[in-house]
Amino acid sequence: MTKAIKQNELLFHQFKNIDKLGLFTEIYQVPSYIKNNLKDKLRPYQEESLRYLHYAQHNANASTLYNHLLFNLATGAGKTMVMAAAMLYMYKEYGYQNFIFFVHTDAIIQKTKENLLNSLSPKYLFKNDIEINGEKITIEAVETFPSIPNKNTIYLKLSTIHKIHDELNHYKENSITYDDLKELPLVLLGDEAHHFNAETKAKGKPKNSSENKELTWERTIDKILQLQPKNRLFEYTATINLDNKEIYNKYKDKIVYRYDLKQFMNDGYSKRVMLLEANQDDNNKMLDAVILSQYRKLIAIDNGITGFKPIVLFKSNQIAVSKAKQEDFIQLIESLTPEKIIGHLANKKGQLSSATSVWHNVIERYTKGDLIAIVDMIKDDFSNMNILNVNKADLMEEQPVLLNTLEQIDNPIRAVFAVAKVNEGWDVLNLYDIVRISEKSSSTRASTDSEAQLIGRGARYYPFIYQDEKSFTRRFDISSHDLSILEQLHYHTINEPAYIKVLHASLDRADIITESDGNGIVEHAKLKDSFKNSNVYKYGKLYYNKVEEITDEKRTWHSYSLETYFEEEYKSVNETSLTALNDINPNVQFKLEPLKLDKRFFFKAMAKQNFFTFNNLQYYFPKLTSINEFILSDDYLGKVKIDIKLPQSLELDNLTCQDKLHCLENVLSKIADNIRRNYRRYKGTYEFISQPLKDVITDYSLHIDPSIVINQRITTESAIGKTWYVFDKVILNQLEHRLIKLLDKFISKLKDKYDEIYLIRNDEKSTRFKLTEFGGVRGFMPDFILLMQNKEDEAYYQVFLEPKGDDRLFNDRWKQDMLEDINSDKIVYLDGEDNIRLIGIKFFADSCRDEFIKDFSNKLYDGKPLEDISLI
């Protein structure tokens, strides 16, 4: 059985296929009571994992088919965030109040307390006040569960698995027993779940094997799960060995979601991992790391990024070696001088063989800086007081909390010395350099697998704030911008071929994408001289819409980009499930019925959500005079239409008042969420102004990463012969290349109608030319701008083109609406140009290619064919 076939048999892939075909009985969206109570925004894959949890639990046979599920999420992908969301979901939808979190180490217990219980911790995952349907919810840590639970309370027991095993199998006072748990519906949350399969792995093993010694843990978990049908076991892990036949058979129908590290890294949620291979002694390797780390800090300062503190980890394989190297490091820093920095960098420059090595930038920055000041800064930052050795016995209990606050601005630590205590459970985002010191080139799989695990944890992305924007994904990985160094993890290792080969094998097994320093190329796109000599470049303009301040009197329903139409799926509040997924009948017919409610429903639904108090609404809508006006006026809820999706067999009149109220509450929650999210100071107008084209369009550079997956992979083609393309090179992803090839087929016919034709790549890293949503607050940077001049009336056409992946068509539909609106008579040209024509074309996407061609032809070529579609 091949690995690919195995993957397709997993529950996750079955759900994925059903989802793609639209065969689930509903299109589920993560409800606002989850989103609004989590401190950070859920990522798309996290939302999808919760959708699949819902589809499983929504099944009529969930207690037999889906009472045990596993979430296989990459290291750094936010397993605990998904777990926190699942707790809210199970509490709200099914009434579970008792949760047991278990893991194999005390270290992760301490970290999870910070995540789920300590509202004062920067690692806390919930909002400070958890509120569902207007009622405050409390999460309370317990050792035993109350027989009569308090209302609006979630009880959470955190424990190691061996402690739970001892409690249940060896009675102690004030501890849980099987009899206690038998009466309570429970949700078990198992973290690092790959540790709980000892019995499964022990099948066929000798009785004295390590697996057989620990198999009682797995039996205890299973026994708790079987105490009653309502119990649920949700496991979470980044590591699941499906190549093991027994593990595969156990979990193939339980893995409800998978998001591996390779996909995580390709989607930009991690740092890029760079291998720095060098044969140097320990002192030179440590100085390398310090110079590179301080370079990152200098770049952050140069770009106005405050509070940026990159961490260096010095990893050894023995505690004694780690302590000795720490002493060497202290002496190295204390004796550092500008002359030593100059000498070290001079040697480094002489050894460089790649024109794209990071060291070129480092050397340039240190050369033009004040070395005396830089050395003083290094001595302050890496002083003895700012070094943490996590191998000390007295730090063992505090170690997880200390390590997990390293990115806090009031934590001065810059360097960490460790052996192997920081691999599993470590959750630090601003680790940027990992240095192997005093380690020989081990060629054992166990050793390099451990290194791969550490690299995976270090690759977590640090969301620094740049130009007032905080991003949770990479922004500069395909750019030559200096800030790309803040999105890279460097692993400093030895240059020994046999070891490197084994390390790469371990990295491949762990799905970690790495590059060697200097790999890849930086491509430069330059404006062609022929374009620079054109009148379009010299005198042409680019038109964009003005923004206006959203003053209190201008804050309206439309200024928040709010929807006025909602389609809600019927769900009875008295039922926990509808149709089983395995019994999907494609012949079931549904109908949409308008939900008409009198204002009593609105008063009741709004009273249950604190957002809809009059004082709060008046903050967002200062012209509002009363709750009555908010409900009845067409300026607010009065124009909201709600359709409810019902099976043909069910009549709207048969819905209870509770069902209708529940539907309205869902709509109001969505509205409240959008108002909060879209509260901004400026909105886009229909008034267009211009700026000289030559002040906007410039040369630009991109770093070409050969490891990027197919559709997003950036490749370069020559633009020779394409007189209409303004740059000398076409540096684009694969979807964009397909658009260029299509336009190339149009050009010969377009030349019959237009004198000058120029296509501009609107590179967001350089031009930052953008539109702002009409009446809304969202920014939109069309990827391409086509400029053409009509031969007959000399009209100047500025055409906005936007390629869009099929997976983004729905979420970005507001951009397509804006492109269509650009063609309307609402547009006002403040520059007074009578011959300007702004044109927006429908998205170019693989799934709607023909629609793009038709729209382009209708708007720019009088509806005549531009190509022979049958030849494509």
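Residues numbered from 1 in each chain as written. Predicted model: local features only at pLDDT ≥ 70, side-chain atom pairs only at ≥ 80, totals over all residues. Heavy atoms only, no water.

1. Here we look at the environment of Ile-512
Here is the rule we go by: Numbering of helices and strands runs from the N terminus, with a helix taken as a DSSP run of H or I at least four residues long and a strand as a DSSP run of E at least two residues long. Should any heavy atoms of two residues lie within 4.5 Å, those residues are considered in contact.
Considering the arrangement of structural elements, one finds Ile-512 in the loop between α21 (497-509) and β17 (514-516). Taking the C-alpha atoms as reference points, Ile-512 and Ala-459, 53 residues apart in sequence, are found 9.2 Å from one another. Beyond its immediate stretch of four places on either side in the chain, Ile-512 contacts Leu-261, Met-265, Val-273, Ala-452, Ile-455, Gly-456 and Leu-507.

2. Brief notes about unusual backbone geometry
Here is the rule we go by: Classification of residues uses two cut-offs on accessible area relative to the type maximum, computed with a 1.4 Å probe and protein chains only: under 20% is buried, over 50% is exposed, and between them is partly exposed.
Despite not being glycine, Asn-152 shows a phi value in the positive range, around 60°. Following the sequence through the fold, Asn-152 ends up in the loop between β4 (135-141) and β5 (153-160). Judged by relative accessible area, Asn-152 falls into the buried class, the value being 19%. Even without being a glycine, Asp-468 presents a positive backbone phi close to 65°. Tracing the backbone through its elements, the reader meets Asp-468 in the loop between β14 (465-466) and β15 (469-470).

3. Side note on the confidence of the model for the protein chain
Basically, it comes down to this: A residue's pLDDT is the predictor's confidence in that residue, given on a scale from 0 to 100.
Overall, the prediction assigns the protein chain a mean pLDDT of 84, with 86% of residues at 70 or greater. Confidence over residues 1-5 falls short of pLDDT 50; this stretch has 4 contacts with residues more than four positions distant or in other chains.

4. Some points on the packing of helix α28 (residues 734-750) against helix α30 (residues 849-860)
Spelled out, the test is: For helices, the fitted line uses only the C-alpha atoms of the stretch in contact; every axis is such a line through C-alpha atoms, and the angle between N-to-C directions lies from 0 to 180 degrees. An angle counts as roughly parallel when it lies under 35 degrees, as roughly antiparallel when it exceeds 145, as roughly perpendicular when it falls between 65 and 115, and as oblique in every other case. In a left-handed crossing the near helix is turned counterclockwise from the far helix by less than a right angle, and in a right-handed crossing that turn is clockwise. Amino acid classes used here: Ala, Val, Leu, Ile, Met, Phe, Trp, Tyr, Cys and Pro are nonpolar; Asp, Glu, Lys and Arg are charged; the rest, including Gly, are polar.
Where α28 meets α30, the axes come as close as 13 Å, and the angle between the chain directions of the two elements is 30°. Looking at the two axes, α28 sits roughly parallel to α30. The two elements α28 and α30 meet at a crossing, and its hand is right-handed. When α28 is examined against α30, the residues Leu-739, Leu-742, Leu-743, Phe-746 and Leu-750 are found in contact with a partner set consisting of Arg-849, Phe-852, Ile-853, Phe-856 and Leu-860. Tallied by class, residues from the contact of α28 with α30 come to 9 nonpolar, no polar and 1 charged.

5. Description of a negative patch on the surface
Formally: For patch building, the residue pool is restricted to those with more than 30% relative accessible area and no salt bridge; the joining distance is 9 Å between like charges and 5 Å between nonpolar side chains (Val, Leu, Ile, Met, Phe, Trp, Tyr). Using a 1.4 Å probe, the Shrake-Rupley method yields the accessible areas, and only the shown protein chains count as cover for residues. Salt bridge criterion: a side-chain nitrogen from Lys or Arg within 4 Å of a carboxyl oxygen from Asp or Glu. None of His or the chain ends enter the tally, which takes Lys and Arg as positive and Asp and Glu as negative. Working definition for charges: the position is that of NZ of Lys, CZ of Arg, CG of Asp or CD of Glu.
Together, Asp-755, Glu-792, Asp-793 and Glu-794 make up a region of like negative charge exposed at the surface. Within the element layout of this structure, Asp-755 appears in strand β27 (residues 754-761).

6. Some details on the sheet that holds strand β21 (residues 590-594)
Quick note on the threshold: Note on pairing: DSSP must find at least two bridges between two strands before they are called paired.
Strand order in this open sheet of 3 strands is β20-β22-β21, and the pairing throughout is mixed. The sheet is open, and its two borders are formed by β20 (565-569) and β21, each paired with just one other strand. Direction aside, neighbouring strands of the sheet carry axes that sit 30° apart on average. Bridging between β21 and strand β22 (residues 641-647) involves 5 bridges; their strand directions are antiparallel. If you follow Leu-592 over to β22, its bridge partner there is Lys-645.

7. So, the pattern of salt bridges
Taken as a whole and assessed by the stated rule, the structure comprises 36 salt bridges. We note a salt bridge from Asp-855 to Lys-859, for which the minimum N-O separation is 3.0 Å. Placement of both Asp-855 and Lys-859 in helix α30 is noted, with a separation of 4 residues, approximately one turn of the helix. Residue classification places Asp-855 among the buried residues on the basis of a relative accessible area of 8%. One salt-bridge network, held together by shared partners, links Glu-143, Lys-157, Lys-163 and Glu-167.

8. Quick word on the pairing of strand β7 (residues 232-237)
Look at any regular strand and the pattern is simple: side chains alternate between the two faces of the sheet. Most of β7 sits inside the fold, with 6 of its 6 residues counted as buried. By the bridge criterion, 5 bridges tie strand β1 (residues 68-73) to β7 in an arrangement that is parallel. Across the sheet, Leu-69 pairs through a bridge with Phe-234, a residue of β7. With 5 bridges joining them, strand β6 (residues 186-191) and β7 adopt parallel strand pairing. Residue Val-187 lies in a different strand from β7, and its bridge partner there is Arg-232.

9. Focus: the environment of Thr-715
Looking at where Thr-715 falls in the secondary structure, it is placed in strand β25 (residues 715-718). With 18 residues separating them in the primary sequence, Thr-715 and Asn-733 have C-alpha atoms 6.3 Å apart. Ignoring sequence-local partners within four residues, the contact set of Thr-715 consists of Val-730, Ile-731, Leu-732, Gln-734 and His-737.

10. Remarks on helix α4 (residues 44-57)
Operational definition: How far a helix is expected to stretch is found by multiplying one less than its residue total by 1.5 Å.
The end-to-end C-alpha distance of α4, which contains 14 residues, comes to 20 Å, matching closely the 20 Å that a straight helix rising 1.5 Å per residue would cover. With 12 of 14 residues buried, α4 lies mostly within the body of the structure. For α4, the full list of buried residues reads Tyr-45, Gln-46, Glu-48, Ser-49, Leu-50, Arg-51, Tyr-52, Leu-53, His-54, Tyr-55, Ala-56 and Gln-57.

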